Amino acid sequence: MLIKRLTSMLVLIVLLFTVSIVDAAEPSTILAPIGQIKQGESLTIQGTTSLQEVIVQIMRPNQTLLEMDQLTKSELLAGKTVTLPMHAPLGSYTVKLGMGSDVSVATFVVVANGGGDPNPGTDPGTDPGTNPGTNPGTTPGTDPGADPETDPGTEPAETPAAPGLPGEKPDGSGELAIQAVGKPDAAGVAKAAVTLEALDEAFASVQGAAASKLTLDVQKVGGAQAYETTLPAAALSEGGKLRELTLRTEFGSLTLPSNMFTTAAIAGTANVSITIRHVGADNLPAQARAAIGNRPIVDIQVMLDGQPVPWANDQTPVSVSIPYQPTIMELNNPENITVWYLDERGMPVPVTSGKYDEQSGQVTFITTHFSRYAVVYVTKTFGDIAAFPWAKKQIEALAAKGIIAGTSEGSFSPAASIKRADFVILLMRTLGMTAPAGEKFADVNASDYYHDAVQTARTLGITQGFGDNQFKPNQTISRQEMMTLTARALTIAGKLAPVGSGGNLAAFKDAADVASYASDSIQALIGQGIIEGSNGLLLPWASTSRAETAVMLYRIYHRSGGM
């Protein structure tokens, strides 16, 4: 589809790529000379290429984008006609044609309608019909369904808005609409892009407390099966500016941290392309296919300068949101709506952070690697929890999320005590906490199933263990130990308010039995309603049951942004 006019319906059109011309290889794409054109006249972009498809960009004298399109080899050979507006800025225009490093560049000069010498320095941005982001009278970014080819021949009479200014949300974050370049390719991929300069300008235009947040709203394209968004590598690498970027498409949204890639992983890379694709369940194992049904599955992939690479970084989680409309039954039990990661064999692995947000109508989760993810509805119960009505709902909800499991297929053993290592595993899993491996406990081996969780807790300062560098992983955990570890973890995660000076702890009959190391932590949990005690008692030295653990985890899961 040829884009006749981009500006009257879009907030911003940005470059697909930043080109650097090198002399090392002779390009296969050749652009024919254009020459001098008058305002309101037509010009022809024509040339030859060995590529199957090329991107053409026309830049005004002030280097803003006049037009962008995607041409096949035959369309380029036949020529693309572009008609300049009657009030096109005078001066030297640049045409870039090609893909990747195979790019040909040419210039042409626009002169006044009456002929004569152009004046490149006069009013370079006053073209109301072609300036990106005009859409007069409408808040930028609020018309995601607009057709860029609507009314291609009429220039708006209203004064255009300043180019590049994003819409602003009440919290001060910005929202910027971008349009895919042309129609989806043969694989159904709609491609959009943004330059570092455009991002800097957009971030600078947003005011408020959350000015480091920007949403790129990739407009819906008919027939698209995937959306590929190309970003400058500098926007997603260590050492860049600390700001948060969200890519929003019809299939889902990704919130990307500015340090998503390490410096080493992205060294020498110019562009990062992130693709979110809607996929089917046909190739999955029968059990997974039956459980997922017709719920959405997305495949998230990344490319560095056009080359697919796996992405995984435990230190920089990415937030993912998938639009989803639950059934009436699911809405009655929204805690059972969750997410599965599908491994290379299609086998499901629970994503413990997966939850349904009724307000946004999306299923959200946190991930530290890109792959396939499916929305699922999971129900799980155990035959031995009916006698624990105060914990039944919590046990079932956490089991559905994959946070906690039974001691057998049908049993949970709710009254059984829990070990220190097992509690730390569940605590780290519930909060989604990770950290690089640091100093090891002498009694925790690399082959132990709890090794990673315990090492994370130590690195983060959640546990210091006992004397002689011991953690005592198989020792039953006491209630005050459980509460202390929980309070420390929530504090580090920023989910627990500072301890006040109130006398919450003293209200319990056995407050004097609380160890000095645990008193502040327990008081903080009481103040936040996470600890309620039993019949006026804290029982700090008693062992912690699996049912009590489930209730504690359920409460902190909610506090950490869960169910």
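Residues numbered from 1 in each chain as written. Predicted model: local features only at pLDDT ≥ 70, side-chain atom pairs only at ≥ 80, totals over all residues. Heavy atoms only, no water.

**Some remarks on the packing of helix α5 (residues 389–401) against helix α10 (residues 546–559)**
Condition: Every axis in this analysis is a line fitted to C-alpha atoms, fitted for helices over the stretch in contact. Angles between the N-to-C directions lie between 0 and 180 degrees. Counting from the N terminus, the helices are DSSP H or I runs at least four residues long and the strands are E runs at least two residues long. For classification, angles of less than 35 degrees are called roughly parallel, those exceeding 145 degrees roughly antiparallel, those between 65 and 115 degrees roughly perpendicular, and all remaining angles oblique. Crossing handedness is defined as follows: a turn of the near helix away from the far one that is anticlockwise and smaller than a right angle gives a left-handed crossing, while the clockwise case is right-handed. Residue contacts are defined here by distance: any two heavy atoms, one from each residue, within 4.5 Å place the two residues in contact.
Contact pair α5 / α10: the axes reach a minimum separation of 8 Å and the direction vectors enclose 65°. Relative to α10, the element α5 is oriented roughly perpendicular. Viewed along their axes, α5 and α10 form a crossing whose handedness is left-handed. Between α5, through Trp390, Ala391, Lys393, Gln394, Ile395, Ala397, Leu398 and Lys401, and α10, the contact on the second element is made entirely by Ala547, Glu548, Ala550, Val551, Leu553, Tyr554 and Tyr557.

**Overview of the confidence of the model for the protein chain**
Under the convention used in this document: Confidence of the prediction at every residue is given by pLDDT, a number between 0 and 100.
Across the protein chain, the average pLDDT comes to 81, with 81% of residues at 70 or higher. Confidence, expressed as mean pLDDT per element, reaches its minimum in the protein chain at strand β10 (residues 167–168) with 54 and its maximum at strand β25 (residues 372–377) with 98. Overall, residues 1–26 carries pLDDT values under 50, and its contacts beyond four positions in sequence, including any with other chains, amount to 96 contacts. Contacts of residues 115–165 to residues separated by more than four positions or lying in other chains number 103 contacts, the stretch itself having pLDDT below 50.

**Details of the packing of helix α8 (residues 479–492) against α10**
Inclusion rule: Note on residue classes: Ala, Val, Leu, Ile, Met, Phe, Trp, Tyr, Cys and Pro are nonpolar, Asp, Glu, Lys and Arg are charged, and everything else, Gly too, is polar.
Close contact between α8 and α10 brings their axes to 12 Å; oriented N to C, the two are set at 15°. It follows that α8 is roughly parallel to α10 by the angle criterion. Every pair of crossing elements has a handedness; the one defined by α8 and α10 is right-handed. Here α8 contributes Arg479, Met482, Met483, Thr486 and Leu490 to the contact with α10, which in turn contributes Glu548, Thr549, Met552, Ile556 and Arg559. Of the residues contributing to the contact of α8 with α10, the split by class is 5 nonpolar, 2 polar and 3 charged.

**Points about the sheet that holds strand β9 (residues 102–111)**
Note the cut-off: Two strands are said to pair when DSSP picks up at least two bridges between them.
The 5 strands lie next to each other as β2-β9-β8-β5-β6, forming an open sheet whose pairing is mixed. The open sheet has two edge strands, β2 (35–38) and β6 (65–72), and neither has a second partner. The sheet shows a mean angle of 25° between the axes of neighbouring strands, taken without regard to direction. Summarising the sheet, β2 and β9 pair through 4 bridges and their orientation is parallel. Paired with Ile37 across the bridge in β9 is Val110.

**Some points on the environment of Ser50**
Definition in use: Burial classes follow relative accessibility: with a 1.4 Å probe on protein chains only, a residue under 20% of its type's maximum area counts as buried, one over 50% as exposed, and anything between as partly exposed.
In this fold, Ser50 is placed in the loop between β4 (47–48) and β5 (53–59). In this structure Ser50 comes out as partly exposed when scored by relative accessible area, which is 46%. In this structure, the C-alpha to C-alpha distance between Ser50 and Gly98, residues 48 residues apart in sequence, is 9.9 Å. Beyond its immediate chain neighbours, meaning those up to four positions away, Ser50 contacts Ser28, Lys73 and Asp102.

**With respect to the nonpolar core**
Using the following cut-off: We define the nonpolar core as a collection of buried residues of types Ala, Val, Leu, Ile, Met, Phe, Trp, Tyr and Cys that are connected through side-chain atoms lying within 4.5 Å of one another.
In this structure, Phe423, Val424, Leu427, Met428, Ile522, Leu525 and Leu538 are the most contacted members of the largest nonpolar core, which totals 56 residues. The set of elements that each furnish at least two residues to this core consists of α5, α6 (420–431), α7 (451–459), α8, α9 (516–527) and α10. When near neighbours in sequence (up to four residues on either side) are disregarded, Leu525 contacts Met483, Thr486, Ala487, Leu490, Leu496, Ile530 and Ile531.

**A word on α6**
Put simply, the rule is: Here the expected span of a helix is defined as 1.5 Å times the quantity of residues minus one.
With 12 residues, α6 ought to run about 16 Å at 1.5 Å a step, and its terminal C-alpha atoms sit 17 Å apart, in line with that. Counting buried positions along α6 yields 10 of 12 residues, so the element is predominantly enclosed. Along α6, the residues that are buried comprise Arg420, Ala421, Phe423, Val424, Ile425, Leu426, Leu427, Met428, Thr430 and Leu431. Once α6 ends, the next one or two residues include Gly432, with phi positive near 65°.

**Some words on the pairing of strand β18 (residues 297–304)**
Of all 8 residues in β18, 7 are buried; the element is thus mostly enclosed. Across 8 bridges, the pairing between strand β17 (residues 271–279) and β18 is antiparallel. Note that in β18 the partner of Ser273 across the bridge is Met303. As defined by bridge partners, β18 adjoins β25 across 3 bridges and the pair is classed as antiparallel. Bridge pairing in β25 places Val298 opposite Tyr373. The sheet contact formed by β18 and strand β19 (residues 307–309) spans 3 bridges and is antiparallel.

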